[in-house]
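Analysis of the macromolecular model
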Amino acid sequence: MDTTYLKKFYKKKHDDKINALFLADVISKQEKDVLLNRTLELDSDTANHMIENYVGNYSMPLGVAMNYIIDQEELVVPMAIEEPSVIAASSFAAKIIGSAGGFKTTVTGRMMIGQLTLKAVPNLEVAEQKIKEAKKDILSRANEAHPSIVKRGGGAKNLEVRILTDDTNNNIPTYLSVHVHISTQEAMGANIVNTMMESIAPYLEELTQGKALLRILTNYATECLATSTCVIPAHKLKTGEFSGEEVRDRIIEATQIATIDPYRAVTHNKGIMNGVDAVVLASGNDWRAIEAGVHAYASRSGQYRSLTSWTKNDAGDLVGELTLPLPVGTVGGSISIHPGAKLAHSIMGHPNAPKLERIIVSVGLAQNFAAVRALVTEGIQKGHMGLHARSLAISAGAKGDHIQQVADILKHSKHKNLQRAKNILLNILE
Ligand code: NDP
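Since the model is a prediction, treat every value here as computed from it, not as a measurement.

Cut-offs and rules
Residues numbered from 1 in each chain as written. Predicted model: local features only at pLDDT ≥ 70, side-chain atom pairs only at ≥ 80, totals over all residues. Heavy atoms only, no water. Near = heavy atom within 4 Å. Polar contact = N/O pair within 3.5 Å; in protein donor to acceptor, adjacent residues only side chain to side chain. Areas by Shrake-Rupley, 256 points an atom, 1.4 Å probe, with all protein chains shown as cover. Helix = DSSP H or I, 4+ residues; strand = E, 2+ residues; numbered from the N terminus. Pairing = 2+ DSSP bridges. Axes fitted to C-alpha atoms, helices over the stretch in contact; angles between N-to-C directions. Contact = heavy atoms within 4.5 Å. Buried < 20%, exposed > 50% of the residue type's maximum accessible area, 1.4 Å probe, protein only. Expected span 1.5 Å × (residues − 1). Left-handed = near helix turned anticlockwise from the far one by under 90°. Salt bridge = Lys/Arg side-chain N within 4 Å of Asp/Glu carboxyl O. Phe/Tyr/Trp six-rings, centres within 6.5 Å; stacked < 30°, edge-to-face > 60°. Lys NZ or Arg CZ within 6 Å of the ring centre and 35° of its normal.

1. Some thoughts on the site of the ligand
As a matter of local geometry, the ligand sits amid 21 residues, with Ser148, Arg152, Gly189, Asn191 and Asp286 nearest to it. At 3.1 Å from a nitrogen atom of the ligand is found a main-chain nitrogen or oxygen belonging to Glu186. Met188 places a main-chain nitrogen or oxygen 3.3 Å from an oxygen atom of the ligand. Taken by itself the ligand offers 940 Å² of open surface, and the protein chains cover 68% of this. Listing elements by their share of the shell around the ligand, those giving two or more residues are α7 (147-151) and α8 (190-208).

2. A short note on the sheet that holds strand β4 (residues 111-119)
Pairing within the open sheet is antiparallel, and its four strands lie in the order β5-β6-β4-β7. Here the strands that pair on one side only, and so sit at the sheet edges, are β5 (155-166) and β7 (211-218). With strand direction ignored, the average angle separating the axes of adjacent strands in the sheet is 20°. As paired elements, β4 and β7 share seven bridges and run antiparallel to each other. Of the residues in β7, the one forming a bridge with Leu116 is Arg215. Where helix α6 (residues 135-144) meets the sheet, its contacts fall on β5 and β6 (172-183), and the angle it forms with β5 comes to roughly 115°.

3. Some words on the environment of Thr108
Structurally, Thr108 can be placed in the loop between β3 (104-107) and β4. Looking at Thr108, the relative accessible area reads 36%, which means it is partly exposed. Not counting chain neighbours up to four residues away, the residues in contact with Thr108 comprise Glu223, Cys224 and Leu225. A polar atom in the side chain of Thr108 sits 2.8 Å from the backbone nitrogen of Leu225.

4. Things to note about helix α13 (residues 353-376)
Between its first and last C-alpha atoms α13 spans 35 Å; for 24 residues at 1.5 Å apiece the expected length is 34 Å, and the two agree. The buried fraction of α13 amounts to 19 of the 24 residues, a majority that puts the element mostly inside the structure.

5. Here's the deal with the packing of helix α9 (residues 244-260) against helix α10 (residues 262-282)
Axis separation between α9 and α10 bottoms out at 6 Å; the angle between their running directions is 115°. Every pair of crossing elements has a handedness; the one defined by α9 and α10 is left-handed. Contacts between α9 and α10 involve Thr255, Ile257, Ala258 and Ile260 on the former and, on the latter, Pro262, Arg264, Ala265 and His268.

6. Section: the pattern of salt bridges
A full pass over the atoms with the stated rule returns 11 salt bridges. A salt bridge links Lys270 to Glu83; the nearest nitrogen and oxygen atoms lie 3.0 Å apart. One end of the pair, Lys270, is in helix α10; the other, Glu83, is in the loop between β2 (73-80) and α4 (86-99), and 187 residues separate them in sequence. A residue is classified by how much of its surface remains accessible, and Lys270, at 41% relative accessible area, is partly exposed.

7. Topic: the environment of Leu343
Topologically, Leu343 is positioned in helix α12 (residues 339-347). Of the residues examined, Leu343 reaches a relative accessible area of 5% and is grouped as buried. A sequence separation of 193 residues divides Leu343 from Val150, and the C-alpha atoms of the two residues are 29 Å apart. Not counting chain neighbours up to four residues away, the residues in contact with Leu343 comprise Ile27, Glu31, Leu35, Leu40 and Leu62.

8. Examining the packing of aromatic side chains
With the rule as written, the count across this model stands at two aromatic pairs. Centre to centre, the rings of Tyr68 and Phe103 are 5.5 Å apart; their planes meet at 20°, and the pair counts as stacked. Taken together, the positions of Tyr68 in strand β1 (residues 62-70) and Phe103 in the loop between α4 and β3 put the pair 35 residues apart, joining distant regions of the chain. One exposure class covers both Tyr68 and Phe103, and it is buried. For the pair Trp310 and Phe369, a centre-to-centre distance of 5.7 Å together with 45° between the ring planes defines the contact as tilted. Residue Trp310 is located in strand β9 (residues 308-312), and its partner Phe369 is located in helix α13; the two are separated by 59 residues in the primary sequence. Classification of Trp310 as buried rests on a relative accessible area of 3%. A relative accessible area of 0% means that Phe369 is categorised as buried. Across from the ring centre of Tyr203, 3.7 Å away, lies the NZ or CZ of Arg141, which sits over that ring.

In structure tokens form, the structure reads like this:
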């Protein structure tokens, strides 16, 4: 990638942006033509086979975040999102973090967890023991149900048993929960895992004398974690109003509030998910699965808390860290069907699944940095309303060049609302 073509990207006109991506070797000639001709469309035949009762396509803007340096590699990150200011904030944060060395990431092994719950087990302890003794047999039966993933080097690798007590009924031990750890390689793996779990149910019923109730993966993917860290020297945080040290300390304190108070934590984490969801969606992955798992992970201590940590090191630098469960894939689901998802993978240089995790968790960290930094300094509305002005201009009926004209006047207006946008447009049209 040649980033010289991407300088001041946000200032370029639409077609020049696309041409710059081509010149920088981020997209191919064919992808450039698709974007220039506005033909990045899911065709209705394909869509009709993807879901039930299909009636039409629901479009979402696709943009690119700039300035990312992740594990010393420069990257352009595709984001599908309807909310203004997210991509600007992402690129802004990535620029500051990039100028300080960028993001450093780690990933755990990518194990998905299949869960099978058994009810009416006559003796839970005896059943638990029998399952543990039959571990090898259970794993090989699971693998027989999906031999192709085993051929790819994946498959069922480990097994754990938990007795579930019912805390709504005097903590009585009630169910047996069998977890099978399954490597699904490049796939998110829901269907692979579910097939395996259904296949071992009769054998587990026979072993335990219980009845299998649920046989499905858990979206609480605690064996598929990705971590991103960054170190930002305090002087890079300086604003007109605050010194770098003050901004650093305010970010640390704001994160502490999100650690102790769920009301703040939810909004703090929503800001992280602004970035995470946008890349998950652009890459054709299942964002409901990621959302569900991430928020459960934020509650792992028993209280819902901040997912990020911001501290200072001995040199006085601001140190950020984010860990997320990220069971994303580069194959399967709609990834190889959806033209937007195909383009998104291409923009990122066709990362494998662990690398996609590294990108997504870094975007989450950047997004959190941008949001908290803005909150503890100038406030979120200045940047947000500036960009939101364009949405208001469109809602007011502005078209073409009038959109920016209305937005520019609106940005400097005391009241930035729809009525004001309509009045500005009327004045322009008169
Ligand atoms: P698929 O069912 O599409 O399976 C992926 C397939 O890709 C594999 O079975 C494998 O088939 C093939 N493949 C090709 N190359 C590779 C590779 N390198 N590594 C791994 N597999 C490869 O998708 P998933 O099983 O990933 O399931 C994801 C879908 O399931 C998503 O659409 C999700 O929304 C949905 N889902 C989610 C649920 C949840 O989250 N709770 C529940 C149910 C469904 P082969 O080896 O035979 O070639």
